[in-house]
Amino acid sequence: MKISKAIIPVAGLGTRMLPATKAIPKELLPVVDKPVIQYVVEEAALSGIEQIIFVTRSGKDAIENHFDGNYELEHILETKGKKRILGSIKNMIPKNIKISSIRQEKALGLGDAILNAKHLLNQEPFAIFLPDELLISKNKDSSFFKMMNHWDNTNQGQIMVQKINKKFTKSYGIVDLNNKKIKINETQEIKKLVEKPNPVDSPSNYRVVGRYILPYEIMEILERTNFGKDNEIQLTDALDNLLKNTKLSAFLTDDDIFDCGEIKGFIGANVAVASKDKDLKKYMENIIN
Ligand code: G1P
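Rules of the game
Residues numbered from 1 in each chain as written. Predicted model: local features only at pLDDT ≥ 70, side-chain atom pairs only at ≥ 80, totals over all residues. Heavy atoms only, no water. 1 Å grid on protein atoms, 1.4 Å probe; cavity = no way out; pocket = protein on both sides within 12 Å on 5 of 7 lines; lining within 4 Å. Points joined across faces, edges and corners; volume = space filled by probe spheres on them. Nonpolar A, V, L, I, M, F, W, Y, C, P; charged D, E, K, R; others polar. Near = heavy atom within 4 Å. Polar contact = N/O pair within 3.5 Å; in protein donor to acceptor, adjacent residues only side chain to side chain. Areas by Shrake-Rupley, 256 points an atom, 1.4 Å probe, with all protein chains shown as cover. Sits in = over half its atoms within 2 Å of the grid points. Helix = DSSP H or I, 4+ residues; strand = E, 2+ residues; numbered from the N terminus.

## What to know about empty space enclosed by the protein
No. 1: Taken as a whole and judged by the stated rule, the model has one cavity of 30 Å³ or more.
No. 2: Here the largest cavity defines a volume of roughly 30 Å³.
No. 3: What lines the largest cavity is K26, E27, V36, P131, D132, C260 and G261.
No. 4: When grouped by side-chain class, the residues that make up the lining of the largest cavity number three nonpolar, one polar and three charged.

## Regarding the site of the ligand
No. 1: As a matter of local geometry, the ligand sits amid L110, L130, E133, Y172, G173, E195, K196, R207, V208, G210, Q234 and T236.
No. 2: E195 has a polar side-chain atom sitting 2.6 Å from an oxygen atom of the ligand.
No. 3: Within the side chain of T236, a nitrogen or oxygen atom sits 3.3 Å from an oxygen atom of the ligand.
No. 4: Coverage of the ligand by the protein amounts to 74% of the 380 Å² it exposes when considered alone.
No. 5: Because more than half of its atoms lie within 2 Å of the grid, the ligand is assigned to the largest pocket.
No. 6: If you tally residues by element for the shell around the ligand, the top one is strand β12 (residues 206–214), at three residues.
No. 7: Partitioning the shell around the ligand into residue classes produces four nonpolar, four polar and four charged.

Okay, here's the thing in structure tokens:
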């Protein structure tokens with residue numbers, strides 16, 4: 001079954017980026033000339049996603065406004081003949097993409113945020129994009145697009161993973177692959193999932209990246225998932241439970257991944273994206289040297 005819907009949770013407080021995020025949602029901080037969230041929406045659209053569901057909260061309306069029309073601004077740019085800039089705000093996403101948003105009432109964790117979108121899924125399998133993570137692919141097709149091909153060929157849920165140094169396992173969901181290795185852009189069956197284990201207890205050094213393709217059943221499991229790590233409803237716990245009846249694959253990416261929810265990753269993303277432009281790269285080199 002084709003994946004056409006994606007959930008993008010955007011209800012986080014952005015505490016790691018304060019004071020910058022006191023009045024501005026972290027998802028709208030710019031990476032060069034576009035907000036972080038726009039890269040993620042483009043990544044989804046380019047992989048065939050047609051419906052995007054933001055799980056948001058009060059005070060973050062600016063995210064919805066960003067993807068909405070702004071008639072006054074468009075009119076001014078039009079009368080001034082500023083066609084290039086007008087194009088950049090008018091055709092941000094393909095016309096066939098529909099964006100809707102719902103609210104997460106309480107900050108009960110990622111699992112709860114995802115569960116909020118249950119009624120909009122029509123019992124279909126769906127994708128999840130965690131927008132803090134900006135993925136820069138080494139070639140034309142995104143890793144998500146490649147992961148989507150694995151879903152199309154197998155109809156088996158997919159979780160993107162990245163190889164990390166074991167000392168960082170405490171920051172991520174970790175997959176147990178029964179000691180097997182994965183080749184880049186290929187998959188391996190997941191035996192277990194653990195949220196943020198200590199390095200000594202970690203079943204592998206493959207960490208969960210914020211990109212998932214999941215069967216609808218995960219929603220039913222989330223409904224009965226209790227509070228887990230950090231007293232939050234963890235998506236990882238529900239996924240581990242899903243494994244009792246359903247197979248899930250880990251898909252290995254070799255993308256450069258930047259966590260834009262913290263300062264180093266945010267700066268890294270800006271440098272990486274700016275480096276793709278010859279002029280900006282030269283400008284940055286002059287500053288640093
Ligand atoms: C969440 C997930 C974790 C995953 C991570 C990826 O954690 O719970 O399993 O590895 O996203 O970004 P968070 O970063 O919200 O603490």
